[in-house]
Amino acid sequence: MKKKISVLALASVFAAGSAFASAYRIPEQSVDSTSKAGANIASAEHADATYFNPANMSWLANSWQIEGDMSYIHLTSVDYTDARSSTLNGSTKEENFLLPQMFLVSPDFNNFRFGFSITEPFGLAKRWDDPYPRAFANKFDLKVFEFNPTVSYKINKIFSVAGGVRMLYSQATVSNNLSSIPGSGGTTRFMDGDTTAWGYNLAVSARPDDKSNISVTYRSNVDLDLSGDVSFGPGYIRGLKALKTSGNVTVEAPAVLAISGSYTFFDKLTVELTWDRTFWSTYKNLDFHYATNIGPYYGGAFGAVSPRNWEDCNAYRLGLSYKATKITTLMAGFAYDESPAPDSTLGFELPDSNAYLFSLGARFQVTPQMNLGLGLLYDMKTDRSANNLAAGGRVDGEFTNSSAILATVGLTYTF
């Protein structure tokens, strides 16, 4: 029988890393999606369509297409200023990551197309070293890899449908240090966990003519049931022994619905408008158990149920693509992304807020078979204040200076 490990620690991994979408979701997974601020659904026209809108594979050129991308992510330091005392202030560490992606689309086989993608849709990290914040989010590190085979079927010249199977493999490392919290005994916790989980995705694409496209995509919720080993440190309480145990926790990767439309003006400028909704409202509580009885001291520090009560949230995206020359395509994007976390449960593990995203990019047709691309995106989080002490939270202050930079380079080859 599966036991549960601290959701307070492990679920926070998912909430801590990404600065590119609501909570810990990372929509930008290719050159085009980075360049157009995630507005790459109806207008998806390269191999990355297998991930973003597999129904659009029906409209691609009848050849094999493969794309390999690499994304560099820089997360700035987030500052916390406490309203009670400057001794409770803190700042996160800056973070830098490299994330590879791969996309493959087959030629047409009797109106069927097949695709495959490898992406990293969730995760990253958050580290607080200052005494007060580190008690709740000393270090969280999460890696989630998604392997997604898809198939599309062209019903006729106007309609295409598609579906796929999602396999998510996740790894997580968590540590907490309560040495600065009165009454905690200075206890610590360290955990490693991993899991493999399954889901699905669906898509439909309608193309009334060569200039317009209306698409709907859906990615299912996936429960990530992370299992691992846990160790507790004795802190400075006399007679308290270190403890090792094991367990797991089920944390969801939320469902996402996107409705998107694009239109091409003058055979050069393609404009896409996309609305997507991330279904976070099922994330109500952090409820955790361990494989063995962890006793009153460790249980008092790491054993309480913590409410989250997240809300479904929306993102609004605008993407532009302009064919400047026969070999050069310029791209730009803008998006407004809502945070799902209410003030009452805002914490150091997720100093999240609404965000504005700005992006630029370009593609170059180097040879008839080879295309090079580059995309840049700047994510600017709004400052956020909260006081949730009366509700059992830990925050009475303001989070500021949260932002991120994403750069993606990629190579597409057709044969």
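Below or above, wherever it landed, is the structure these notes cover. (Residues numbered from 1 in each chain as written. Predicted model: local features only at pLDDT ≥ 70, side-chain atom pairs only at ≥ 80, totals over all residues. Heavy atoms only, no water.)

This part takes up the overall build of the chain. Check the secondary structure of the chain and you find five helices and 23 strands. When burial is assessed residue by residue, the chain has 55% of its 415 residues classed as buried. Restricting to contacts in the chain with at least 6 residues of sequence separation, those with at least 24 account for 70%. As displayed, the chain has an accessible area near 16,900 Å², and 60% of this comes from carbon and sulfur atoms. (Helix = DSSP H or I, 4+ residues; strand = E, 2+ residues; numbered from the N terminus. Buried < 20%, exposed > 50% of the residue type's maximum accessible area, 1.4 Å probe, protein only. Contact = heavy atoms within 4.5 Å. Areas by Shrake-Rupley, 256 points an atom, 1.4 Å probe, with all protein chains shown as cover.)

All right, on to the nonpolar core then. With 42 residues, the main nonpolar core has Tyr 24, Leu 168, Phe 232, Trp 310, Phe 348 and Phe 399 as its most contacted residues. At the level of elements, helix 4 (131-137), strand 7 (139-154), strand 8 (159-177), strand 9 (188-209), strand 11 (222-233), strand 12 (243-253) and helix 5 (295-302) are the ones that each hand at least two residues to this core. When residues of this core are assigned to their parent elements, the largest contribution, five residues, is made by strand 11. (Core = buried A, V, L, I, M, F, W, Y, C linked by side-chain atoms within 4.5 Å.)

Okay, the packing of aromatic side chains next. Inspection of the entire model under this criterion finds 20 aromatic pairs. Ring geometry for Tyr 283 against Trp 310: centres 4.5 Å apart, planes inclined by 85 degrees, an arrangement best described as edge-to-face. Taken together, the residues Tyr 283 in the loop between strand 14 (269-278) and strand 15 (285-286) and Trp 310 in the loop between strand 16 (306-307) and strand 17 (313-323) connect sequence positions 27 residues apart. Across the pair, exposure class does not vary: Tyr 283 and Trp 310 are buried alike. Through pairs of rings, three or more aromatic residues link up here, namely Tyr 80, Trp 128, Tyr 132, Phe 348 and Phe 399. (Phe/Tyr/Trp six-rings, centres within 6.5 Å; stacked < 30°, edge-to-face > 60°.)

Under the counting rule described, the total for this entry stands at 12 salt bridges. Of the charged contacts, one joins Arg 166 and Glu 146 as a salt bridge, the two residues approaching to 2.7 Å between their closest N and O atoms. Of this pair, Arg 166 sits in strand 8 while Glu 146 is found in strand 7, placing the two residues 20 residues apart along the sequence. Taken together, the salt bridges that share partners define one network made up of Arg 25, Asp 276, Arg 317 and Asp 337. (Salt bridge = Lys/Arg side-chain N within 4 Å of Asp/Glu carboxyl O.)

Let us look at the pairing of strand 17. Here strand 14 pairs with strand 17 via 10 bridges, running antiparallel. Looking at strand 17, one finds that Trp 275 is bridged to Tyr 316. (Pairing = 2+ DSSP bridges.)

Below, the discussion takes up the environment of Met 102. Relative to the helices and strands, Met 102 resides in strand 4 (residues 95-105). Note: C-alpha distance between Met 102 and Glu 67 (35 residues apart in sequence) is 5.7 Å. Apart from residues no more than four positions distant in its own chain, Met 102 is found in contact with Glu 67, Phe 116, Ser 117 and Ile 118.

A separate point is the environment of Met 70. Structurally, Met 70 can be placed in strand 1 (residues 65-75). When the C-alpha atoms of Met 70 and Leu 411 are compared, they prove to be 9.4 Å apart, with 341 residues separating the residues in sequence. For Met 70, the residues in contact, after removing those within four places along its chain, are Leu 98, Leu 99, Pro 100, Gln 101, Ala 407, Thr 408 and Val 409.

Its location among the elements puts Ser 43 in the loop between helix 2 (31-35) and helix 3 (49-52). Look past the residues within four positions of Ser 43 in its chain and what remains in contact with it is Lys 36, Asn 56, Ser 262, Thr 270 and Glu 272.

Our focus in this paragraph is the side chain of Asn 40. Note on placement: Asn 40 falls in the loop between helix 2 and helix 3. Among the polar contacts made by the side chain of Asn 40, one reaches the side chain of Lys 36 at a distance of 3.1 Å. In this structure the side chain of Asn 40 is engaged in a polar contact, spanning 3.0 Å, whose partner is the side chain of Asp 48. Setting aside residues up to four positions removed in sequence, Asn 40 forms contacts with Ser 30, Asp 32, Ser 33, Asp 48, Phe 52 and Glu 272. (Polar contact = N/O pair within 3.5 Å; in protein donor to acceptor, adjacent residues only side chain to side chain.)

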